[in-house]
Amino acid sequence: MYFDLSSGKMQKEAVRPVREEVAVARRSGKCNLAGRQLTSVPEALWSFASVKTDQDWWTLPPLERLDMSSNEITDAGLRPAETRGGGRPVSAEEREEQMLIFAALKYLDLGDNKLGSFPREIVATAKELTTLVLCSNAICELHVTPPLPPLTTLDLSKNQMSGLPEALAGLTSLRSLDASHNRISTVAPGLAFPHLITLNLAHNRLVSFPAFLSNVPELGTLDVSHNRLEGELLHEFPSLTRANLATNQLAVFPISLSKAPLLADLNLDHNSIAEIPGDRLGADHGISELRMNGNDLRALPQEFFAFPALSTLDLSFNNFRVLPNQLGLLPLRWLVYEGNPSRSPPPSVQGSAAVLKYLRARCENEAAGSPARPAAGRA
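What counts as what
- Residues numbered from 1 in each chain as written.
- Predicted model: local features only at pLDDT ≥ 70, side-chain atom pairs only at ≥ 80, totals over all residues.
- Heavy atoms only, no water.
- Helix = DSSP H or I, 4+ residues; strand = E, 2+ residues; numbered from the N terminus.
- Buried < 20%, exposed > 50% of the residue type's maximum accessible area, 1.4 Å probe, protein only.
- Contact = heavy atoms within 4.5 Å.
- Areas by Shrake-Rupley, 256 points an atom, 1.4 Å probe, with all protein chains shown as cover.
- pLDDT = per-residue confidence, 0-100.
- Polar contact = N/O pair within 3.5 Å; in protein donor to acceptor, adjacent residues only side chain to side chain.
- Core = buried A, V, L, I, M, F, W, Y, C linked by side-chain atoms within 4.5 Å.
- Salt bridge = Lys/Arg side-chain N within 4 Å of Asp/Glu carboxyl O.
- Phe/Tyr/Trp six-rings, centres within 6.5 Å; stacked < 30°, edge-to-face > 60°.
- Lys NZ or Arg CZ within 6 Å of the ring centre and 35° of its normal.
- Expected span 1.5 Å × (residues − 1).
- Arc of directions from axis to C-beta.

Caption draft 1: How the structure looks around the overall build of the protein chain. Within the protein chain one finds five helices and 17 strands. Here the protein chain holds 379 residues, and the buried ones make up 46% of them. The long-range fraction of contacts in the protein chain, counting pairs at least 24 apart against all pairs at least 6 apart in sequence, stands at 36%. A total of about 18100 Å² of accessible surface is found on the protein chain, and carbon and sulfur atoms cover 50% of it.

Caption draft 2: Up close: the confidence of the model for the protein chain. When pLDDT is averaged along the protein chain, the result is 89; 90% of the residues meet or exceed 70. A low-confidence stretch, residues 372-379 stays under pLDDT 50, and its non-local contacts, those more than four residues away or across chains, total 15 contacts.

Caption draft 3: Main features of the side chain of Asn 182. Along the polypeptide, Asn 182 turns up in the loop between β9 (176-178) and β10 (186-187). Given a relative accessible area of 8%, Asn 182 falls into the buried group. For Asn 182, the side chain forms a polar contact with the main-chain nitrogen of Met 161, separated by 3.0 Å. Apart from residues no more than four positions distant in its own chain, Asn 182 is found in contact with Leu 156, Ser 157, Lys 158, Asn 159, Gln 160, Met 161, His 203 and Asn 204.

Caption draft 4: Summary view of the nonpolar core. In terms of nonpolar packing, the biggest core is built from 97 residues, with Leu 45, Phe 118, Leu 266, Phe 304 and Leu 327 touching the most fellow members. Elements supplying a minimum of two residues to this core: α1 (18-28), α2 (43-46), α4 (120-125) and α5 (352-367). Once residues lying within four places of it in the same chain are set aside, the contact partners of Phe 118 are Leu 108, Leu 110, Val 123, Leu 132, Leu 134, Leu 142, His 143 and Leu 148.

Caption draft 5: Molecular detail of the environment of Asp 112. Mapped onto the elements of the fold, Asp 112 is located in the loop between β5 (107-109) and α4. On the accessibility criterion, Asp 112 (40% relative accessible area) is partly exposed. With 39 residues separating them in the primary sequence, Asp 112 and Ile 73 have C-alpha atoms 8.9 Å apart. Not counting residues within four places of it along the chain, the set of residues in contact with Asp 112 comprises Ser 69, Ser 70, Asn 71, Cys 135, Ser 136 and Asn 137. Side-chain polar atoms of Asp 112 contact the side chain of Ser 70, separated by 3.3 Å.

Caption draft 6: Spatial organisation of the pattern of salt bridges. The final tally for this structure, using the stated rule, is six salt bridges. The partner of Glu 218 in a salt bridge is Arg 175, and the shortest N-O contact between them spans 3.7 Å. Highlighted residues: Glu 218 in the loop between β11 (198-200) and β12 (221-223) and Arg 175 in the loop between β8 (163-164) and β9, separated in sequence by 43 residues. Relative accessible area serves as the criterion here: at 35%, Arg 175 is assigned to the partly exposed category.

Caption draft 7: Here's a closer look at unusual backbone geometry. Between Ser 344 and the following residue, Pro 345, the backbone shows a cis peptide bond with an omega angle of 5°. Relative to the helices and strands, Pro 345 resides in the loop between β17 (334-336) and α5. In this structure, His 203 takes a positive phi of about 60° despite not being glycine. On the secondary structure map, His 203 appears in the loop between β11 and β12. Using a relative accessible area of 32% as the deciding quantity, one classes His 203 as partly exposed.

Caption draft 8: Seen up close, the packing of aromatic side chains. By the definition in use, this model includes four aromatic pairs. Ring centres of Phe 304 and Phe 305 lie 6.0 Å apart, and the angle between their planes is 70°; on these two criteria the pair is classed as edge-to-face. Classification of Phe 305 as buried rests on a relative accessible area of 16%. Through pairs of rings, three or more aromatic residues link up here, namely Phe 304, Phe 305 and Phe 307. A cation over a ring is seen here: Arg 65 above Tyr 107, with NZ or CZ 3.7 Å from the ring centre.

Caption draft 9: Structural context of α5. Under the 1.5 Å per step criterion, the end-to-end length of α5 is 22 Å for 16 residues, consistent within 8% with the ideal 22 Å. Where α5 is concerned, the buried positions are Ser 352, Val 355, Leu 356, Leu 359, Arg 362 and Cys 363. Looking down the long axis of α5, one finds its buried residues gathered within 120° of arc, a one-sided arrangement. Those residues of α5 that are exposed and angled more than 90 degrees off the buried face are Ala 353, Lys 357 and Glu 364. On its buried face, α5 is in contact with β17.

Caption draft 10: Fine view of the side chain of Ser 316. Along the chain, the position of Ser 316 falls in the loop between β16 (312-314) and β17. Side-chain polar atoms of Ser 316 contact the side chain of Asp 314, separated by 2.5 Å. Once residues within four sequence positions are removed from consideration, Ser 316 is found in contact with Met 292, Asn 293, Gly 294, Val 336, Tyr 337, Glu 338 and Asn 340.

Caption draft 11: Expanded view of α1. Among the residues of α1, Glu 21, Val 22, Ala 25 and Arg 26 are the ones counted as buried. For α1, the buried positions fall inside an angular range of 150° around the axis, keeping them on one side. Buried-residue contacts for α1 involve β3 (30-32) and α2. After α1 finishes, the residue Gly 29 shows a positive phi value of roughly 80°.

Laid out in structure tokens, this is it:
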């Protein structure tokens, strides 16, 4: 879509015919066949590697980027036909040559199709592939052999996988893995992703944290929300900046902040956390956003009030009867606490700014020797 200044309206860009798109791809090395209602790889594309009619064809770039997303391609549609028009058989040698369209690919997008697996023939041919997008299909598993190419980005989201398979075991160069919105309840043993930066396993059926999380020194973003996770995640996370563990079955604050020194955004909404051990918070940790909406907290440890950069805090729908006055001394800009059986602040004090002002005033009164008040945050 683009905006036409002459008409003042949004206009839909013209879509080149498939043969014309393939012809352009011969010059650019990039082919976009997304959203064309294709059920199989077009014949014009299968001949990409074998047609040598262009002048100086040997100087043309190989096909490095192919987008066939948002079509209706099936597993069979990713394999060369065994016959041509008129029923003439295609030899095994010809089909092997046709598969060479995948040989130099670095980027392949097959998202939003009707795939049930990723064909072995492509895996065996696409040795240069670094980015593979297979989201929004009906994939149940990946074949172990032949091994997948040395991918750095893999998107398996919105499929029907029941586990993270052994086929991923060799992907030691992987930097981004998205397997969200599946049915994953198991993780194959021996998986290791030492260079992983982004991991999304949200909306699955995991009950425990994957073992490979014990060695992800470069992990920056973790999303395991909307699972059935229990337990704790007390490994070293030297690069982690954002973690979403919301909507699980966690009973205790699961991360040791001293082992995740760069963590700035932590979401623990909708768990069953009733306790925050003080030794999990670290000394003067730089976390800036903490969400704990919908838990079972009644009190906060003294270490909680030493966060020097905490600007966003959501404690709504817990079990605080008195909101801790010391929260007023934190550098908060946004504080949410509704849904608690709290008697303090009174209902007349509304909004983050007013609540924080109220809490600071109570702290100042206590420091000036006003009559003692109930312990902060205690039932």
